There are 2 protein chains.
Amino acid sequence: MEFKTVTPELLEQLQAAAPGRVHTGEDMKPDYAHDEMPVYGQRMPGAVVECASTAEVAAVCRLCYDNGIPIIPRGAGTGLCGGCVPLYGGVVVDTQRMNRILGYDLDNFTVRVQSGVLLNDLANDCWEKGVFYPPDPGEKFATIGGNVAVNAGGMRAVKYGATRDYVRAMTVVLPCGEIVRLGGEVSKTSSGYNLLQLMVGSEGTLGIITEVSLKVLPQPKQTFSLLILFPDLDAAISCVPKIKMAGLDPQALEFLGREMVLGIERYLGKTVYPGQCEGEDVGAYLLTTFECDSEEAMDGLMEKAAELCLDNGAMDVMVYDTPEAIRSAWAVRGATLEAILAEFKQSDECDVVVPIPGIPEFVNYVVSLEDEIGLAVRASGHAGDGNVHVNVCANDMDPDEFMERAERFMALAYAKGRELGGLISGEHGIGHAKESYLEEALGGTVMNLMRGVKAAFDPKGLLNPGKVCGKA
Amino acid sequence: MEFKTVTPELLEQLQAAAPGRVHTGEDMKPDYAHDEMPVYGQRMPGAVVECASTAEVAAVCRLCYDNGIPIIPRGAGTGLCGGCVPLYGGVVVDTQRMNRILGYDLDNFTVRVQSGVLLNDLANDCWEKGVFYPPDPGEKFATIGGNVAVNAGGMRAVKYGATRDYVRAMTVVLPCGEIVRLGGEVSKTSSGYNLLQLMVGSEGTLGIITEVSLKVLPQPKQTFSLLILFPDLDAAISCVPKIKMAGLDPQALEFLGREMVLGIERYLGKTVYPGQCEGEDVGAYLLTTFECDSEEAMDGLMEKAAELCLDNGAMDVMVYDTPEAIRSAWAVRGATLEAILAEFKQSDECDVVVPIPGIPEFVNYVVSLEDEIGLAVRASGHAGDGNVHVNVCANDMDPDEFMERAERFMALAYAKGRELGGLISGEHGIGHAKESYLEEALGGTVMNLMRGVKAAFDPKGLLNPGKVCGKA
């Protein structure tokens, strides 16, 4: 692709649009070249503009669009697929200053925010206002705009769905600089093509999201967690449909294998989960959270859930019913990625989603590749929705060698996921790192439909080029 | 728009593709010219093909596409906006023979169906299999394909969402005849633009849906209904956020005004709801259904809900807790449209969705237009999600006069809906009857984005032309 580069004239015009918030050269932080996977970072932008309003984003887009300059939207840069990497240079539109919570409509159960608000801030603010914003991706310091751009999921997706399910309306700046409002602060619509939902998960390639209206819910009254011990992963996953079918409606339902738990406990420096049960090794764990209306209801639900698990292959069930106990049980799950990154200097990851019954076959397969590929494989994830996170890791391997092995692994893992009826990504997105796998999975016809959609929004192909379906 | 017409050669080729199931001339039922709103019907197609498989739909599309002939997908023809009217002639692809339920995956909570399966058949079959398909639009004899094509909502949307929220994957025939598979039998995805959700609500203008995988849920164990009496609509709607905020999570939450109930009771020939309470007229009703786990839980929930309503402006609360009592309470709501159509020979309707607090202002406004416009106005709808159905009606009025008045009414009603932050349609769609209102509401930029999307899927503009965003 051929793009123009940032000129001194353009910089001047950008400065006029966002005075004091245009950065270039040495003045740009090196982080603008990459997201949380530096391995996918390749290039610095020509300039960064810290936009403070929709109007500023629109002005910056108009200037870039008219001048043939790539525009790269960026929130907190916490992506995992290189979605905000300025592959072809251009101007990064940083939305982090647009961090205001604009207001609640509690009669209509919505909150309106600027897209640079951090998930953590929104979740806390909602709770203080007496309501609940359910999506909870692991990374709490992502922006809401970023969450919407990849349809971030998280632990509670099993009960509450992903970010997509909370987006009611948004303000979007099109690459040409026009501002449009999509959706409405209503819960149901059949009013033309759902461009709102098309924007969700489009990873900043169709427009720049500057404001979002989100659905909120009443707060759950009581929660408790169960850690359910199984002899192996097959037994653990076989229990998942029983839990769902019984209508126990867990808020979260995660799986962890024995090796993963031992690794995390090494990292944490303490043993948290029982490693044995009546002299037998525990092979896999389900970690769940349930909700109920009252303390009395809690006892009944707890008993019912525990009995059901014990009747369906569980070795034992541990109860965590105080805030502190719940926190410490979940701290193990929460430390998964940190523990991996502490143990290994090199890591690549995939985020396949498969139908729930396919989880054991998928996990056993990818773990079995360790020797063949010569990389450590760590898998864990969301048992309740089939979303498996797999990291392949090494220490001090030649970077090209590591990438070559990682790519070999990815090709096999994605092929297995497809074979099981799965999709490339459950919640991390495609960015530029996963596009070739997406094309392989979807085929040329569907990719061309996506490219047609892209062209409808961005005829010049200037917005976040090279991402999702934009490979040169 | 210029389209080719069906030739004898094409008919022969269509016959070869679907032997014995191609109809033309007198052999076509007159119903193919219209949906449930005959007022929007204008023209018969050149031919009808009753397709029996995805491959047949693909063959028919290919033939039509190559020959420049419009292709009009049609399910049971129960739409309300003229979505299946062959405005420019062409070939109707009737999917009603594709009515097989292809299988359940109960470990993964999905059911796979051909798109011609009727909602009623699917809902019953799911229940027999021990699971629950929540969407329940009023029209039970629509096809699932039609439900998906307009993102049909229904009574339970307040708790369970609309059809969109149940669509996991689909097989789609593109206008050119290519077959693509969108989505996956998984509950969460961030794998490129969400073309699956783009198809939902696209009203047969982007592709023909031939198979759908739908999410199913565990069955609710116990339900009961409350009829809550209020002095007026304002009081009734003010109570809605209290019910939601208390976490009572009603399965359905409908409002009915006094006049509407009296009209329905006249039609039913019996009094079902109390018209007075301690000597005062009841002005508005909320009809709700709640779910619970057990009989014991039911008493507690019932008491809590009733108390909450009485503390928030209700005059009285009637309990319906046997299947028969629940059925008879809901029969009143269910007869809304029939009662209107029994009382009036002429009717047009709109299906605006507004933020919940805006319901009283919207309803009072449209009812206040009765005298000015000279048509009877009947409004009712979904209090839990702000979706209001308004019928404007007359008897023996000159048809042009009726249409002129109805259009005047629609323009005012839609303007009011917009003013309140609403959208054109909650669940009925746009078809060809509502396109100009959609354009007025969304503006040219958004409509052009939709037209760009349409062009990506249907470069020749042959699939269901003149619908949603396709006006000549």
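Residues numbered from 1 in each chain as written. Chains lettered and ligands numbered in written order. Predicted model: local features only at pLDDT ≥ 70, side-chain atom pairs only at ≥ 80, totals over all residues. Heavy atoms only, no water.

Okay, the nonpolar core next. Soluble globular proteins: nonpolar side chains tend toward being buried together. By size, the foremost hydrophobic cluster in this structure holds 199 residues, and its most contacted members are A:Leu286, B:Leu286 and B:Phe457. Looking at this core, the element that brings in the most residues is helix α14 (residues 435-457) of chain B, giving nine residues. With residues near it in sequence (within four places) discarded, A:Leu286 still touches A:Leu226, A:Leu227, A:Ile228, A:Phe230, A:Ala236, A:Cys239, A:Val240, A:Ile243, A:Leu253, A:Glu254, A:Phe255 and A:Ala383. (Core = buried A, V, L, I, M, F, W, Y, C linked by side-chain atoms within 4.5 Å. Buried < 20%, exposed > 50% of the residue type's maximum accessible area, 1.4 Å probe, protein only. Helix = DSSP H or I, 4+ residues; strand = E, 2+ residues; numbered from the N terminus. Contact = heavy atoms within 4.5 Å.)

Let us look at the pattern of salt bridges. Throughout the structure, instances matching the rule amount to 48 salt bridges over all chains. The residue B:Glu254 makes a salt bridge to B:Arg333 at a minimum N-O spacing of 2.7 Å. Placement of B:Glu254 in strand β13 (residues 252-257) and of B:Arg333 in helix α10 (residues 323-334) is noted, with a sequence separation of 79 residues between them. Across this residue pair, the class does not change: B:Glu254 and B:Arg333 are buried. One salt bridge in this structure joins B:Glu324 and B:Arg327, with 3.3 Å as the shortest N-O distance. Taken as a pair, B:Glu324 and B:Arg327 lie in helix α10 at a separation of three residues, close to a single helical turn. Linked through salt bridges whose partners overlap, the residues forming this network are A:Lys159, A:Asp249 and A:Glu291. (Salt bridge = Lys/Arg side-chain N within 4 Å of Asp/Glu carboxyl O.)

So, about the sheet that holds strand β10 (residues 208-215) of chain A. Residue and element names in this part refer to chain A. Judged by pairing direction, the sheet is antiparallel, and its five strands sit side by side in the order β5-β6-β10-β8-β9 without closing on themselves. Since the sheet does not close on itself, it has two edges, and those belong to β5 (101-105) and β9 (179-183), each with one partner. On average, each strand axis in the sheet is tilted by 15 degrees relative to the strand beside it, whichever way the strands run. One ladder, built from four bridges, connects β5 with strand β6 (residues 110-114); its direction is antiparallel. Pairing of Asp105 across the sheet is with Thr110, part of β6. (Pairing = 2+ DSSP bridges. Axes fitted to C-alpha atoms, helices over the stretch in contact; angles between N-to-C directions.)

Turning to the interface of chain A and chain B, a few remarks are in order. Contacts between the two partners involve 77 residues from chain A, matched on the other side by 77 residues from chain B. With both chains or domains summed, chain A and chain B bury close to 5,800 Å², and 64% of this area falls on carbon and sulfur atoms. In terms of surface lost to chain B, no three residues of chain A exceed A:Lys188, A:Ser190 and A:Tyr193, which account for 17% of the buried area on that side. Taken together, the connections running from chain A to chain B amount to four salt bridges. Across the salt bridge formed by B:Asp385 and A:Lys188, the nearest N and O atoms sit 3.1 Å from each other. For the pair chain A and chain B, the number of links is 26 residue pairs in polar contact (both at pLDDT 80 or more). Every element with two or more residues in the side of chain A that touches chain B is listed here: β9, α6 (195-199), α7 (233-245) and α14 (435-457) of chain A. (Buried area = accessible area lost by both parts, 1.4 Å probe. Polar contact = N/O pair within 3.5 Å; in protein donor to acceptor, adjacent residues only side chain to side chain.)

Attention shifts here to the environment of A:Glu440. Residues and elements named next belong to chain A. Along the polypeptide, Glu440 turns up in helix α14. Residue classification places Glu440 among the exposed positions, given a relative accessible area of 54%. Here the alpha-carbon distance between Glu440 and Ala415, two residues 25 residues apart in the chain, equals 9.1 Å.

On to the pairing of strand β4 (residues 91-94) of chain A. Residue and element names in this part refer to chain A. A two-sided burial pattern is seen for β4, the buried positions comprising Val91 and Val93 on one face and Val92 and Asp94 on the other. In terms of strand pairing, strand β2 (residues 47-50) meets β4 through four bridges, oriented parallel. From the neighbouring strand, Val48 faces β4, where its bridge partner is Val92. With four bridges joining them, strand β3 (residues 71-74) and β4 adopt parallel strand pairing. Among the inter-strand pairings, Pro73 is bridged to a residue of β4, identified as Val93.

Here we take up the sheet that holds strand β6 (residues 110-114) of chain B. All names here are of chain B. Read from one edge to the other, the open sheet built from five strands follows the order β5-β6-β10-β8-β9, with strand pairing classed as antiparallel. Bordering the open sheet on either side are β5 (101-105) and β9 (179-183), each of which pairs with just one other strand. Strand-to-strand twist of the sheet, defined as the mean angle between neighbouring strand axes without regard to direction, takes the value 15 degrees.

Let us now look at unusual backbone geometry. A positive phi angle, near 65 degrees, is found at A:Val468, a position not held by glycine. With phi around 55 degrees, B:Glu203 is a residue other than glycine that occupies positive phi space. Note on placement: B:Glu203 falls in the loop between α6 (195-199) and β10 (208-215). Relative accessible area serves as the criterion here: at 7%, B:Glu203 is assigned to the buried category.

Now for the packing of helix α7 (residues 233-245) of chain B against helix α12 (residues 359-374) of chain B. To characterise two packed helices, one gives the angle between the axes of the helices and the distance between these axes. All names here are of chain B. Where α7 meets α12, the closest approach of the two axes is 9 Å, and the angle between their N-to-C directions is 155 degrees. When the interaxial angle is binned, α7 and α12 end up roughly antiparallel. In this structure, α7 crosses over α12, and the sense of that crossing is right-handed. Across the interface between the two elements, Leu233, Asp234 and Ile237 of α7 pack against Ile359, Pro360, Val363 and Asn364 of α12. For the contact of α7 with α12, the residue count by class is five nonpolar, one polar and one charged. (Parallel < 35°, antiparallel > 145°, perpendicular 65-115°, else oblique. Left-handed = near helix turned anticlockwise from the far one by under 90°. Nonpolar A, V, L, I, M, F, W, Y, C, P; charged D, E, K, R; others polar.)

Taken as rigid bodies, chain A and chain B are interconverted by a rotation of 180 degrees and an axial shift of 0.0 Å, the fit giving an RMSD of 0.0 Å. Here the two chains are linked by the operation of a two-fold rotation axis. Of the C-alpha atoms belonging to chain A, the one lying closest to the rotation axis is found on A:Val453, 2.6 Å away. Both copies present the same face, since 100% of the interface residues in chain A are matched by interface residues at the equivalent positions in chain B. (Least-squares fit on C-alpha atoms with pLDDT ≥ 70 in both.)

Glancing now at the packing of helix α13 (residues 399-419) of chain B against α14(B). Residue and element names in this part refer to chain B. Closest axis-to-axis distance for the α13/α14 pair is 11 Å, and the angle between their directions is 30 degrees. Relative to α14, α13 is oriented roughly parallel. Judged by the twist between their axes, the crossing of α13 over α14 is right-handed. Contacts from Glu407, Met410, Ala411, Tyr414 and Arg418 of α13 reach α14 at Tyr437, Glu440 and Ala441. Its residues placed into classes, the contact of α13 with α14 shows five nonpolar, no polar and three charged.

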